[in-house]
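Analysis of the macromolecular model
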Amino acid sequence: MFTGIIEEIGEITAISPSGDGWRLTVRAPKAATDAVHGESIAVSGVCLTVVASDADSFDADVMKQTLDVAALGDAAVGTRVNIEKAMPVGARLGGHIVQGHVDGVGTVVEVRPGAQWSVLRIALPADLAPLVVDKGSISVDGTSLTVSAVSDPSAADPWFEISLIPETLVATTLGTRTVGDRVNLETDILARHVERLLAFRTAPEGGSR
């Protein structure tokens, strides 16, 4: 379990084949310094399991399914990634509940820089659009953010916007995102549960459960 509060920006330093997936080496000194085998670390919003570590880097395996559904599949040596270690029991929940289970990939379609703030408009898959609400929470590349605008439900190409404060622009990779970049999206777990409950409530009588 994570909170979406990024602890450091790491860098992928090696990628090697591992079955039909990858083994990544990520340089992230804060996370690696006390990382242990088997613990979870979110890499740009993707929950990965540490399989080896040293003083400033850790290794993690990424299975093919994750590469297929997450923007992490676009990564290369030198790619900068957002890093967050799992939340300890009893810690403050500074962001929102983030599982590290990517729902889909969005695409940056507009960047509006300001004197201090920057606004990103992100296109998202149509099936995720109902789960994103104005002033609600969303995880973008593992960063807990508040949605500042959404497209109309009738829009053929749904989108949402996030407003990035100076701290977010500096402390995460979102400050360097440009039009065309793909980002990992994780919608609010509460919204996903409500959608599932409503699906059962509206299912035809006698339908499969």
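Cut-offs applied
- Residues numbered from 1 in each chain as written.
- Predicted model: local features only at pLDDT ≥ 70, side-chain atom pairs only at ≥ 80, totals over all residues.
- Heavy atoms only, no water.
- Pairing = 2+ DSSP bridges.
- Helix = DSSP H or I, 4+ residues; strand = E, 2+ residues; numbered from the N terminus.
- Axes fitted to C-alpha atoms, helices over the stretch in contact; angles between N-to-C directions.
- Salt bridge = Lys/Arg side-chain N within 4 Å of Asp/Glu carboxyl O.
- Buried < 20%, exposed > 50% of the residue type's maximum accessible area, 1.4 Å probe, protein only.

The pairing of strands in a sheet happens through backbone hydrogen bonds and is either parallel or antiparallel. Pairing is antiparallel in the closed barrel, where six strands are placed in the order S1-S2-S5-S4-S3-S6. In this sheet, neighbouring strand axes are inclined to one another by 45° on average, regardless of whether the strands run parallel or antiparallel. In terms of strand pairing, strand S1 (residues 8-18) meets strand S2 (residues 21-27) through seven bridges, oriented antiparallel. Counted as the bridge partner of Ser18 is Gly21 from S2.

Right, let's talk about the pattern of salt bridges for a bit. According to the stated counting rule, one finds 14 salt bridges in the structure shown. The residue Glu110 makes a salt bridge to Arg121 at a minimum N-O spacing of 3.9 Å. Taken together, the residues span a long stretch of sequence, with Glu110 in strand S7 (residues 104-113) and Arg121 in strand S8 (residues 118-123) at a distance of 11 residues. With relative accessibility at 22%, the residue Arg121 sits in the partly exposed group. We note a salt bridge from Arg177 to Asp181, for which the minimum N-O separation is 3.7 Å.

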